[in-house]
Amino acid sequence: MTAFDDLMAFQHETEALAQVAGRLAWDQETVMPRGAAAQRAEEIGALESVLHARRADPRIGAWLAAIDDSGLDPVGAAKMRHIRRTYSRAVKLPEKLSAELARVTSRAQGIWAEARAADDVAHFLPVLERVVGLKREEAAALADGGDPYDALMDDFEPDATAAETGAMFDRMRPRLVMLRERVMGGPRPAPLRGHFPEAGQMKLAHEVARHFGYDFRHGRLDKSVHPFTSGAGTDVRITTRVDEAEPFNCLYSTIHEVGHGCYEQNIDPAFALTPLGNGVSMGVHESQSRIYENQLGRSRAFTGWLFSRMQEVFGNAGAADPEAFHAAVNRVHSGFIRTEADEVHYNLHIMMRFDLERQLIGGSLDVADLEEAWNTRFAHDFGVAVDRPSNGVLQDVHWSVGLFGYFPTYALGNVYAGCLNLALRAALPDLDDQLAQGHTEGATAWLKEHVQRHGGLYPPREVIERACGFAPNEGPLLDYLDAKFGALYGV
Ligand code: ZN
């Protein structure tokens, strides 16, 4: 066995254990008995410490030193790129800091949930202060003197920089604010009306998932409080949620997770349980969920098909005709909550969080001033005043669990989805005719071929550029939004 073979065998076992940890977490969110929570925390904690030790195992350092990457084929070289990156991050972080972060964030998440329920910012700020302090330390340890925020972002979107991302967001923001103002100035379409029983919603969710190419032989669809996708390779599970007054919640959460799920299911099987066997970054992952959900799922063509199926399943689609149904699916509404935001508002939510957390990590914003900074920015970009903290600075779990640098990947995913949509429609001129019949095979085959099968083979920006034939940029997304909502709202 060469050092390369030894390292890959070790890595294979680590990846397999990571899949087990993911399965335990899936079980916890779906079918675990309520009384099992404390024991489950012990089980997950024990497995996480095994995984942590394996990721920083000194034998990896010895193998890495012995391997000459220049003699490897492109697949081997890509595997080494991932392993070297992960290992160098792992060894830069002092053991004590990682342990303290795990301890403080698990406490902070509980305090955040209490503070949000009580609308009490003051209850959350002291522990958030502690989390931000530790994240600053972490960023400094990882950054090698560079931009500390880059070091945090790198965990989710390798090679993306705060400066580039910030410059792109600054170009997007005025156009989005303008589009928002135009749309909100016009007449409001009616929301869906009716009662849509759970059994019908879940039946339709399964059907829609199959239409979008999700493979139930290698997956399943369950319910959870927050929809998510879990797993890789031959076992990729998705979840959704049900609100009997609002079926789009279930259906579009399903389509979103199907995008994530298909990405994982469609990766080249030869990459399974290797460093290339997962989606390459959070941004590229989100591009798949978003293009399924929005550019395909919320298109006029596909909603026409969905309208008929809703009528058949529920006896009533909740709207008078396919046009009204399409308008209800794409209803732009002024709301406080990111996860409920429409396509026009969503990226404005992200840009605000990106700017604020970059200032927190960089030290130019104090935690004590965060709420005021949030409310001022929200009033400017959304045209409404935040009415209470649970609708404002306390709404997201991310900061309490130390996820700084994660938010921008949501908007990057939307930008990538805009680019892919442009390329996809050029490649399949009759796409809308297919979608109108409920057929997405053409679109999903294109995405599999050009993005999904590559897994971690190419860096994030490169996989998008190879698929599209141009460097990813915000133009196609903004043009798509202007055209779609300009037409819908007649503005
Ligand atoms: Zn997602």
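Nothing here was measured: the structure is a model prediction, and the numbers come from that model. (Residues numbered from 1 in each chain as written. Predicted model: local features only at pLDDT ≥ 70, side-chain atom pairs only at ≥ 80, totals over all residues. Heavy atoms only, no water.)

**As for the domain arrangement of the protein**
If you check the domain split of the protein, you get domain 1 (3–153) and domain 2 (162–489). For domain 1 versus domain 2, the distance between C-alpha centres works out to 26 Å. At the junction of the two partners, domain 1 supplies 41 residues and domain 2 supplies 51 residues. Interface area, domain 1 with domain 2, both sides summed: about 3,900 Å², of which 67% is carbon and sulfur. The largest contributions to the domain 1 side of the interface with domain 2 come from Trp 26, Tyr 149 and Met 153, which together make up 19% of the buried area. Viewed at the interface, domain 2 and domain 1 are joined by two salt bridges. For Arg 23, the salt bridge goes to Asp 235, with nearest N and O atoms at 3.3 Å. Here domain 1 and domain 2 share eleven residue pairs in polar contact (both at pLDDT 80 or more) between them. Secondary-structure elements contributing two or more residues to the side of domain 1 that touches domain 2 are helix H1 (3–30), helix H4 (74–92), helix H5 (95–118), helix H6 (121–143) and helix H7 (148–153). (Domains from an automatic or database assignment. Contact = heavy atoms within 4.5 Å. Buried area = accessible area lost by both parts, 1.4 Å probe. Salt bridge = Lys/Arg side-chain N within 4 Å of Asp/Glu carboxyl O. Polar contact = N/O pair within 3.5 Å; in protein donor to acceptor, adjacent residues only side chain to side chain. Helix = DSSP H or I, 4+ residues; strand = E, 2+ residues; numbered from the N terminus.)

**Structural notes on the sheet that holds strand S1 (residues 221–223)**
Overall, mixed pairing links the three strands, which are arranged S1-S3-S2 in an open sheet. Strands at the two margins of the open sheet, each flanked by one partner only, are S1 and strand S2 (229–232). Pairwise comparison of adjacent strand axes, ignoring direction, gives a mean angle of 20 degrees for this sheet. The sheet contacts of helix H9 (residues 198–211) involve S1 and strand S3 (235–240), and relative to S1 the element is tilted by about 150 degrees. (Pairing = 2+ DSSP bridges. Axes fitted to C-alpha atoms, helices over the stretch in contact; angles between N-to-C directions.)

**Here's the deal with the coordination of the zinc ion**
On the protein side, the zinc ion has His 256 (NE2), His 260 (NE2) and Glu 286 (OE) as donor atoms, found 2.1 to 2.3 Å from it. Exposure remark for His 256: the relative accessible area of 10% places this residue in the buried category. According to the relative accessible area criterion, Glu 286 is buried, its value standing at 8%. (Donors = N, O, S within 2.8 Å, 3.2 Å for Na, K, Ca; no water. Buried < 20%, exposed > 50% of the residue type's maximum accessible area, 1.4 Å probe, protein only.)

**Focus: helix H8 (residues 162–184)**
Each full turn of the α-helix corresponds to 3.6 residues, which orients residues three or four apart in the same direction. Between its terminal C-alpha atoms H8 stretches 31 Å, which fits the 33 Å expected from 23 residues at 1.5 Å a residue. In H8, a bend of some 30 degrees at Met 172 exceeds every other bend along the element, and Pro 174, a proline, comes one to four places later. Restricting attention to buried positions, one finds in H8 the residues Ala 162, Thr 165, Gly 166, Met 168, Phe 169, Met 172, Leu 176, Val 177, Leu 179, Arg 180 and Val 183. In the core, the buried residues of H8 are packed alongside H7, helix H14 (343–362), helix H15 (370–382), helix H16 (407–427) and helix H20 (475–489). (Expected span 1.5 Å × (residues − 1). Bend = angle between axes of the 7 residues up to and from the residue.)

**Focus on the pattern of salt bridges**
Under the defined criterion, the tally for this structure stands at 38 salt bridges. Here Arg 309 ties to Glu 207 by a salt bridge, and the two come within 2.7 Å at their closest N and O atoms. One end of the pair, Arg 309, is in helix H12 (residues 300–314); the other, Glu 207, is in helix H9, with 102 residues separating them in the sequence. A single burial state applies to Arg 309 and to Glu 207, both of which are buried. Here Arg 377 makes a salt bridge to Asp 355, at a shortest N to O gap of 2.9 Å. Here Arg 377, found in helix H15, pairs with Asp 355, found in helix H14; they are 22 residues apart in sequence, far enough to count as distant. The class for Arg 377 is buried, based on a relative accessible area of 13%. Classification of Asp 355 by relative accessible area gives buried; the value is 18%.

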